[in-house]
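Tertiary structure, described
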2 protein chains.
Amino acid sequence: MARTQGSRSEITGPLIRDVARSLFAREGYAAVSMRQIASAVGVQAGALYAYIPDKQALLFDLLESHMQDTLASWHDDPVNPPLIRLEAFVRYHIGFSLDRTDAVFLSYMELRNLTPENFDRIARLRGQYEAALEVILRDGQKTGAMQFADAKLTTLALIAMLTGVTNWYREGGRLDRQRIGDIYWSLVRGAVGAD
Amino acid sequence: MARTQGSRSEITGPLIRDVARSLFAREGYAAVSMRQIASAVGVQAGALYAYIPDKQALLFDLLESHMQDTLASWHDDPVNPPLIRLEAFVRYHIGFSLDRTDAVFLSYMELRNLTPENFDRIARLRGQYEAALEVILRDGQKTGAMQFADAKLTTLALIAMLTGVTNWYREGGRLDRQRIGDIYWSLVRGAVGAD
DNA sequence: GTCTATACATCGATAGAC
DNA sequence: GTCTATCGATGTATAGAC
């Protein structure tokens, strides 16, 4: 199977996604042109369409793969005490989010630029992730290790709080990741009445 | 001072801002055209430029006036105990945000579409608002009414948590505003170690 | 697989009539 | 103050050569 001259499909495909993720995060989906993406990749605009059907599919692919990664990388062990599981979730969510700030940003910033069908699919994945935290909270409530008024609201409140880290964190800043995890865990522990 | 025929400046001006705020929030600044705004207002696109210099100024005006409203409506009384002041802030922030979900959404969603100069001005206003919460937390820490590791991080974490309400709240939903305020206040009270 | 070239729509903003 | 008309730039996407 001879290679076409100039063919670099094995790197161009992923590169398009990397470039698009970065540009979308920085300037917004609607503000970024296909020409701009192509230029950063190092090809002409027309060449992009050998890899993706259209711009919308590119955005959806970025959001879907991010949500699937997020779900697939989280491992909960219901055998452990709820507080141990909650601490693991907090540290996982912060670490995972800080490793992919662009994707995290896109995943709640560009939902409105998805078609209704694509939006529903992403919302479903997001719901699954929220459920992963909610089940821990409900278990903790059951065993008496945690105390709060509403598991659903607490789930949404905690995820919003944790995800907010991506808005201000800068590599090499005042606090390292371990310390940030410690601080947020103590906030969460208090919020769920586990002191 | 005779009115020009067809002139409706006293309503068209504010209407442009209302329409733009709503459209920008729903579809994003970059995705909304001036023709779209004009159509929703009920004029032709060219007429918009009698009220605003350009699209960028329209966005900046929306964000700036929202941040100034947010700052101007908040009243803190340093004489009160820190926990009382914190509860007031929590309820104020939730209530004020839910009254203006579009503006709140824009104010952290469209920052990247501001020119650098405009961005700096909005960031400065945002910093003032964060400082309003931070001073309460530091006072609470001083008096021993609150306990947490880092006042700056706690400030950002709490604001992210509270603002998140705008992402899921729907009028006529399962919980009314009073109840939502109660639930979030108990989460915050726990987070700052005030139990 | 990538290029050049281009079709066709739409963009922000302006000019001049009324 | 608003209209019609339009400029010049830019948008997504496609066609056909190599």
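Per-chain numbering applies: the sequence of each chain, read as written, is numbered from 1 onward. The order in which chains are written sets their letters, starting at A; the order in which ligands are written sets their numbers, starting at 1. The predicted origin of the model limits local features to residues at a pLDDT of at least 70 and limits the giving and counting of side-chain atom pairs to 80 or more, whereas totals for whole chains, interfaces and linings rest on all residues. Derived side-chain values reflect all non-hydrogen atoms in the structure, with water molecules and hydrogen atoms excluded from consideration.

Overview of the interface of chain A and chain B
For this analysis, residues touch if any pair of their heavy atoms sits within 4.5 Å. Opposite the 33 residues of chain A that make contact, chain B presents 33 residues. Accessible-area loss on putting two parts together, using a 1.4 Å probe and summing over both, is the definition of buried area adopted here. Buried area between chain A and chain B, both sides added, is near 2700 Å², and the carbon and sulfur share of it is 66%. If you sort the residues of chain A by the area they bury against chain B, Arg 112, Leu 153 and Leu 187 of chain A come out on top, with a joint share of 26%. Salt bridges are counted wherever a side-chain nitrogen of Lys or Arg sits within 4 Å of a carboxyl oxygen of Asp or Glu. Notably, a salt bridge pairs Asp 150 of chain B with Arg 174 of chain A, separated by 2.8 Å at the nearest N-O pair. Polar contacts, as counted here, are pairs of nitrogen or oxygen atoms within 3.5 Å of one another; within protein the pair requires one atom able to donate a hydrogen and one able to accept it, and residues that are adjacent in sequence qualify only if both atoms are side-chain atoms. Connecting chain A to chain B are six residue pairs in polar contact (both at pLDDT 80 or more). Each helix is a run of DSSP H or I of at least 4 residues and each strand a run of E of at least 2, with the numbering of both proceeding from the N terminus. Within the residue set of the side of chain A that touches chain B, elements represented by two or more residues are α1 (9-27), α6 (101-109), α8 (151-163) and α10 (177-191) of chain A. Considered class by class, the residues forming the side of chain A that touches chain B number 20 nonpolar, five polar and eight charged. For this classification, the nonpolar set comprises Ala, Val, Leu, Ile, Met, Phe, Trp, Tyr, Cys and Pro, the charged set comprises Asp, Glu, Lys and Arg, and every other residue, Gly included, is treated as polar.

A look at the relation of the copies chain A and chain B
Superposition of the copies used a least-squares fit over C-alpha atoms from residues whose pLDDT is at least 70 in both. The two copies are related by a screw motion: chain A maps onto chain B through a turn of 180 degrees and a shift of 0.0 Å along the axis, at an RMSD of 0.0 Å. Here the two chains are linked by the operation of a two-fold rotation axis. Here 100% of the contact residues of chain A are again contact residues in chain B; the copies associate through an equivalent surface.

Structural notes on the packing of helix α4 (residues 55-73) of chain A against α6 of chain A
Residue and element names in this part refer to chain A. Taken N-terminus to C-terminus, the directions of α4 and α6 make an angle of 110 degrees; their axes are 10 Å apart at the nearest point. Taken as axis vectors, α4 and α6 run roughly perpendicular relative to one another. Crossing handedness for the pair α4 and α6: left-handed. Only Ala 103, Val 104, Leu 106 and Ser 107 of α6 make contact with α4, whose side of the interface consists of Leu 62, Leu 63 and His 66. Grouping the constituent residues of the contact of α4 with α6 by class yields five nonpolar, two polar and no charged. Angles here are taken between N-to-C directions and fall from 0 to 180 degrees, while the axes themselves are lines fitted to C-alpha atoms, restricted in helices to the stretch in contact. Put simply, angles under 35 degrees are roughly parallel, angles over 145 are roughly antiparallel, angles from 65 to 115 are roughly perpendicular, and the rest are oblique. For a crossing to be left-handed, the near helix must be turned anticlockwise from the far one by less than a right angle; the clockwise case is right-handed.

With respect to the environment of Thr 143 of chain A
Residue and element names in this part refer to chain A. With respect to the helices and strands, Thr 143 occurs in helix α7 (residues 116-143). You can call Thr 143 exposed: its relative accessible area is 53%. Within the structure, Thr 143 has its side chain in polar contact with the backbone oxygen of Gly 140 (distance 3.2 Å). Note on exposure labels: buried denotes an accessible area under 20% of the residue type's maximum, exposed denotes more than 50%, and partly exposed covers the range between, all computed with a 1.4 Å probe on protein chains only.

Some thoughts on the UniProt feature "domain: HTH tetR-type" (unreviewed entry) in chain A
Feature annotation in UniProt places "domain: HTH tetR-type" (unreviewed entry) on residues 10-70 of chain A, given in this structure's numbering. Between the C-alpha atoms that bound residues 10-70 of chain A there is a distance of 24 Å. The span itself is 75% helix and 0% strand. UniProt positions are given in the numbering used here, feature names are shortened, and annotations may be inferred rather than shown by experiment.

As for the packing of helix α5 (residues 82-98) of chain A against α8 of chain A
Residue and element names in this part refer to chain A. Remark: α5 packs on α8, axes separated minimally by 9 Å, with the N-to-C direction vectors making an angle of 40 degrees. Put simply, α5 runs oblique to α8. For the element pair α5 and α8, the recorded crossing hand is right-handed. Two secondary-structure elements touch here, α5 through Phe 89, Val 90, His 93 and Ile 94 and α8 through Ile 159, Leu 162 and Thr 163. The residue inventory of the contact of α5 with α8, partitioned by class, reads five nonpolar, two polar and no charged.

Topic: the pattern of salt bridges
When the charged atoms of two side chains with opposite charge come close together, those side chains can pair. Residues and elements named next belong to chain B. In total, this model carries 32 salt bridges over all chains according to the counting rule given. Of the charged contacts, one joins Arg 121 and Glu 64 as a salt bridge, the two residues approaching to 3.2 Å between their closest N and O atoms. Residue Arg 121 is located in helix α6 (residues 116-143), and its partner Glu 64 is located in helix α3 (residues 55-73); the two are separated by 57 residues in the primary sequence. In this structure Arg 121 comes out as partly exposed when scored by relative accessible area, which is 39%. Lys 152 is the salt-bridge partner of Glu 130, the closest N and O atoms lying 3.8 Å from each other. Of this pair, Glu 130 sits in helix α6 while Lys 152 sits in helix α7 (residues 151-163), and the two are 22 residues apart along the sequence. Relative accessible area serves as the criterion here: at 30%, Lys 152 is assigned to the partly exposed category.

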